Every structure is written in C-alpha cells, then in structure tokens.
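One letter stands for each residue in the lines below.
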Amino acid sequence: MASERCCLFLEILVAILLPPLGVFLRHGCCSLEFCICLLLTIFGYVPGIIYAIYVIVAVDRDRYRRDDYYYPVVA
C-alpha cells in the first residue's frame, strides 16, 4: 500500500516535469492518453500537465486492457 502511494507520487512528480513521460510510464507508448497528452503539451505546457495528472489519478489503466472491453462491430 505504501509503495503504491509512493509510485503514484513519483508518477505525478514526473508528470509535472514532463507530462508525456508521466503518462507514458502509466499507460505506455502509442496509447490514446499518451497521444492526447503529447498534443496538449505541444500546444501548451499547462494543459499537458493538467491532463497528465488527470489521466494518472483518475483513469483506470486496467479497464481498457481487459478482454471484455472490446466488442465486435458487427455481430
């Protein structure tokens, strides 16, 4: 429990310094969250920080990796 909080704190700290790197450490490269954070950081540093902290704290990274998330388009 304490190591999980420490890891979250370090990810937020990295996200403040380099927002795309913080999102990359949490969600991986070429994810939608990483691409949005990279784009927001290019447009402005502060929006990139805000989005990176939101993604690290609020978005569940395991939710989108489960098999039941992906549904076929045509049944």
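Here the structure is a predicted model, which means the values were calculated and not measured. (Residues numbered from 1 in each chain as written. Predicted model: local features only at pLDDT ≥ 70, side-chain atom pairs only at ≥ 80, totals over all residues. Heavy atoms only, no water.)

Caption draft 1: Geometry of the nonpolar core. Ala-15, Val-23, Phe-34, Cys-37, Tyr-51, Ala-52, Val-55, Ile-56 and Val-59 form the largest nonpolar core, which has nine residues in total. At the level of elements, helix 3 (32-43) and helix 4 (45-58) are the ones that each hand at least two residues to this core. Ranked by residue count, the leading element in this core is helix 4, at four residues. Those residues in contact with Ala-52 that sit more than four places away from it in its chain are Ala-15, Pro-19, Val-23 and Cys-37. (Core = buried A, V, L, I, M, F, W, Y, C linked by side-chain atoms within 4.5 Å. Buried < 20%, exposed > 50% of the residue type's maximum accessible area, 1.4 Å probe, protein only. Helix = DSSP H or I, 4+ residues; strand = E, 2+ residues; numbered from the N terminus. Contact = heavy atoms within 4.5 Å.)

Caption draft 2: Spotlight on the environment of Cys-37. Locating Cys-37 in the fold gives a position in helix 3. Judged by relative accessible area, which is 0%, Cys-37 ranks as buried. In this structure, the C-alpha to C-alpha distance between Cys-37 and Ile-53, residues 16 residues apart in sequence, is 10.0 Å.

Caption draft 3: Structural context of unusual backbone geometry. Of note in the backbone geometry, Cys-30 takes a positive phi value of approximately 65 degrees without being a glycine. Within the secondary structure, Cys-30 is located in the loop between helix 2 (19-27) and helix 3.

Caption draft 4: Representation of the packing of aromatic side chains within the structure. Inspection of every chain in the model, using the stated rule, returns two aromatic pairs. Between Phe-24 and Phe-34, the ring centres sit 6.2 Å apart and the planes meet at 65 degrees, which makes this aromatic pair edge-to-face. Pair noted here: Phe-24 is in helix 2 and Phe-34 is in helix 3, with a separation of 10 residues, a long-range link. Overall, the relative accessible area of 14% leaves Phe-34 in the buried class. Judged by centre distance (6.4 Å) and plane angle (45 degrees), the ring pair of Tyr-51 and Tyr-54 falls under tilted. In this pair, Tyr-51 and Tyr-54 both sit in helix 4, three residues apart, roughly one turn of the helix. (Phe/Tyr/Trp six-rings, centres within 6.5 Å; stacked < 30°, edge-to-face > 60°.)

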